[in-house]
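# Commentary on secondary and tertiary structure
These are the residues of each chain, in order.
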Amino acid sequence: MVDLKDFTIIVWDEIEEFSRETTQRHLGLENGESTLYRDVKRFHSQKELDEIYDQISEDDAIVLCCHVSFGGNFKGYYTLRNFKNNSKYKFPEIIYISSNNDANKAFNNEMADKVNIFAYSELITKLRLGEICGFNKKDMLQSKSISQGKKGVFLSHSSKDKEIVFKFKETILQLGLEIQIHDIKFTSSEVGGIAAGENISDNLRQFIKNDMGLFIQFVSQDYIESRTCLNEEGAAWCIIENLMYVTISLENFTRSFIKGPNKSINIDNKESLLNIYENRKSFFGEKNIVLYNQKVEEFLMWLKNKAEIPNR
């Protein structure tokens, strides 16, 4: 079990909501001090968020939370998302919380965006079990990013899943985000893969070491059972920071993978696919968001028509 005292909770909340007795109790706050977590810090503006972040140690485990209010069209959700996108820091994940145990169902019934909203008790449980791991400043500081300036995208996948990964590469990366084919390592094809006669291990080692700025793994049962795929996973884990390590699940796996702070993305989740770009604009550069939305929709329609994802 993980000790909750390892975590600093940074939570967006309105003053009146944060001051409520129930909120204080859920966060373990007594006389302004947290008896549950290492610390709990509330913010309500971009400036406050950046000031709090500046004061935190690089090694502190941070959990960035947003209290979702059910009044005012779920106030908090869109506000914090805008803060996150405009911050000078690149936060990998927001945990949405509510004192309402039915929050997740209510939100997803009424809103176009699909996200997980946890009750405070669920947050505590998931932190203790390691299902939410938080992140630290070493993961986020772009000036220390080992992938900075590297534009290569490595698509780690089982050859048995090559059709869906090829479509992702073509529609999402090439057409939607305008990534050049020579910057994408897709080993299931000689175009952007490994040419005949080349040493496979040397080719991959050079790309991972010298060119890779973004690692995307497409996890399926075949992936998990492939020694080659797991070797790629391990190599990327050793050299790339969490934000640039993306796990996409092809089979609705619920567990996190080797880069704990980043929970896996389901391949058919529109919001998560859009956030691949939104959360990594410093890597992709400014793109035509309307075009990207169109290509995400096109890819999801292809998925639906092909009906290739198991258990649908």
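Residues numbered from 1 in each chain as written. Predicted model: local features only at pLDDT ≥ 70, side-chain atom pairs only at ≥ 80, totals over all residues. Heavy atoms only, no water.

Across its full length, the chain carries 14 helices and 12 strands. Every one of the 312 residues in the chain was classed for burial, and the buried ones make up 49%. Taking as baseline every contact in the chain between residues at least 6 positions apart, the subset at least 24 positions apart corresponds to 70%. Summed over all atoms, the accessible surface of the chain reaches about 15,100 Å², with 47% contributed by carbon and sulfur. (Helix = DSSP H or I, 4+ residues; strand = E, 2+ residues; numbered from the N terminus. Buried < 20%, exposed > 50% of the residue type's maximum accessible area, 1.4 Å probe, protein only. Contact = heavy atoms within 4.5 Å. Areas by Shrake-Rupley, 256 points an atom, 1.4 Å probe, with all protein chains shown as cover.)

Throughout the structure, instances matching the rule amount to nine salt bridges. Between D39 and K41 there is a salt bridge; the shortest N-O distance is 3.1 Å. E170 is the salt-bridge partner of K167, the closest N and O atoms lying 3.9 Å from each other. One end of the pair, K167, and the other, E170, are both in helix α8 (residues 162-176), three residues apart, so they sit about a helical turn from each other. Overall, K167 belongs to the buried group, its relative accessible area being 17%. On the basis of relative accessibility, which here comes to 30%, the residue E170 falls in the partly exposed class. (Salt bridge = Lys/Arg side-chain N within 4 Å of Asp/Glu carboxyl O.)

Attention shifts here to the sheet that holds strand β12 (residues 265-266). Paired through their backbone hydrogen bonds, the strands of a sheet run either parallel or antiparallel. Spatial ordering of the open sheet is given by β9-β8-β10-β11-β12, a layout of five strands whose pairing is parallel. Of all strands in the sheet, those with a lone pairing partner are β9 (184-185) and β12, marking the two edges. Here strand β8 (residues 152-156) pairs with β9 via two bridges, running parallel. Bridged to F154 within β9 is K185. Along the sheet, α8 contacts β8, β9, β10 (212-219) and β11 (245-249); its crossing angle with β8, the most-contacted strand, is approximately 155 degrees. (Pairing = 2+ DSSP bridges. Axes fitted to C-alpha atoms, helices over the stretch in contact; angles between N-to-C directions.)

Another point: the pairing of strand β5 (residues 61-67). Within β5, seven of the seven residues are buried, which leaves it mostly tucked inside the rest of the structure. Covered by surrounding structure in β5 are A61, V63, C65 and H67 together with I62, L64 and C66, the residues of both alternating faces. Two elements, strand β1 (residues 7-12) and β5, share six bridges in a ladder whose sense is parallel. Following the sheet pairing, W12 is matched in β5 by C66.

Here the focus is the confidence of the model for the chain. Scored by pLDDT, the chain has a mean of 79; 75% of the residues are at 70 or more. At the level of individual helices and strands, the chain shows its lowest average pLDDT in helix α5 (residues 103-110), which scores 61, and its highest in α8, which scores 95. With pLDDT under 50 throughout, residues 142-146 is counted as low confidence; its partners more than four residues away or in other chains account for 10 contacts. Counting contacts from residues 254-262, a segment whose pLDDT is below 50, to residues more than four positions away or on other chains yields 28 contacts. (pLDDT = per-residue confidence, 0-100.)

Where helix α12 (residues 270-278) meets helix α14 (residues 289-306), the closest approach of the two axes is 10 Å, and the angle between their N-to-C directions is 145 degrees. The hand of the α12/α14 crossing is right-handed. Residue-level inspection shows K270, L273, L274, I276, Y277 and E278 of α12 in contact with α14, the latter providing I289, Y292, N293, V296, E297, F299 and L300. Of the residues assigned to the contact of α12 with α14, the class counts are nine nonpolar, one polar and three charged. (Left-handed = near helix turned anticlockwise from the far one by under 90°. Nonpolar A, V, L, I, M, F, W, Y, C, P; charged D, E, K, R; others polar.)

So, about the sheet that holds strand β6 (residues 95-98). Reading across from one edge, β4-β1-β5-β6-β7 is the order of the five strands in this open sheet, with parallel pairing throughout. Because the sheet does not close on itself, it has two edges, and the strands there are β4 (39-43) and β7 (117-119). The average undirected angle you get between the axes of adjacent strands in this sheet is 35 degrees. Sheet topology note: the β6/β7 ladder contains three bridges and is parallel. Of the residues in β7, the one forming a bridge with Y96 is I117. This element, helix α6 (residues 120-129), spans β1, β5, β6 and β7 of the sheet and lies at about 95 degrees to β7.

Now for the packing of α8 against α14. It is at 8 Å that the axes of α8 and α14 come closest, and there the two elements cross at 165 degrees. On the basis of their axis angle, the class for α8 and α14 is roughly antiparallel. As α8 runs across α14, the sense of the crossing is right-handed. Contacts from E163, I164, K167, F168, T171, I172, L175 and G176 in α8 reach L291, Y292, K295, V296, E298, F299, W302, L303 and K306 in α14. Each residue belonging to the contact of α8 with α14 can be placed in one class, and the counts come to 10 nonpolar, two polar and five charged. (Parallel < 35°, antiparallel > 145°, perpendicular 65-115°, else oblique.)

Bringing helix α11 (residues 227-239) into the picture now. Note on helix geometry: an α-helix contains 3.6 residues per turn, so any two residues three or four positions apart are oriented the same way. Between the first and last C-alpha of α11 there are 19 Å, a value that for 13 residues agrees with the 18 Å anticipated at 1.5 Å per step. Within α11, burial applies to C229, E232, E233 and A236. On an axial view of α11, the arc spanned by its buried residues comes to 100 degrees, and they lie on one face. In α11, the exposed positions that point more than 90 degrees away from the buried face belong to R227, N231 and C238. (Expected span 1.5 Å × (residues − 1). Arc of directions from axis to C-beta.)

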